[in-house]
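Secondary and tertiary structure notes
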Amino acid sequence: MSRHAQQLRDHDINPCVAETDASTKCMDDNNYNKDMCTAYFLKYKSCRKFWHDIMMQRRRNGVKPEMPSAEERKKMLESMGKPY
């Protein structure tokens, strides 16, 4: 597996691994008919937007690292419910 592919599978780097996997599984299960997987794509897009907004806010506030760790993200989601 390439280094880039490993990073995409790393929960500390990619907060939307579960949504990525769900979209891919849907495509596999539905013979790559995108119309059947629209809900999965929207959930993935919402996930990416949510965490991008968090990252940008942390960057503006000077918080490092800009993307919270997987453990921090889990606590954030538990405290607010899953917003996407």
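Residues numbered from 1 in each chain as written. Predicted model: local features only at pLDDT ≥ 70, side-chain atom pairs only at ≥ 80, totals over all residues. Heavy atoms only, no water.

Regarding the pattern of salt bridges
In total, this model carries eight salt bridges according to the counting rule given. Asp29 is the partner of Lys25 in a salt bridge, and the nearest nitrogen-oxygen pair spans 2.7 Å. Note that Lys25 and Asp29 are positioned in helix α2 (residues 17-29) at a spacing of four residues, about one turn of the helix. Overall, the relative accessible area of 52% leaves Asp29 in the exposed class. In this structure, the salt-bridge partner of Lys75 is Glu71, at a minimum N-O distance of 3.6 Å. With Lys75 and Glu71 both in helix α4 (residues 70-80) and four residues apart, this pair spans about one turn of that helix. Beyond isolated ion pairs, a larger network of salt bridges with shared partners links Arg59, Lys64 and Glu66. (Salt bridge = Lys/Arg side-chain N within 4 Å of Asp/Glu carboxyl O. Helix = DSSP H or I, 4+ residues; strand = E, 2+ residues; numbered from the N terminus. Buried < 20%, exposed > 50% of the residue type's maximum accessible area, 1.4 Å probe, protein only.)

A few points about the packing of α2 against helix α3 (residues 38-60)
Look at α2 against α3: their axes get within 9 Å of each other, and the N-to-C directions meet at 160 degrees. Considering the angle they form, α2 stands roughly antiparallel to α3. Helix-helix and strand crossings are classified by hand; for α2 and α3 the assignment is left-handed. On α3, the residues that touch Glu19, Thr20, Ala22, Ser23, Cys26 and Met27 of α2 are Tyr40, Phe41, Lys43, Tyr44 and Cys47. Of the residues contributing to the contact of α2 with α3, the split by class is seven nonpolar, two polar and two charged. (Axes fitted to C-alpha atoms, helices over the stretch in contact; angles between N-to-C directions. Parallel < 35°, antiparallel > 145°, perpendicular 65-115°, else oblique. Left-handed = near helix turned anticlockwise from the far one by under 90°. Contact = heavy atoms within 4.5 Å. Nonpolar A, V, L, I, M, F, W, Y, C, P; charged D, E, K, R; others polar.)

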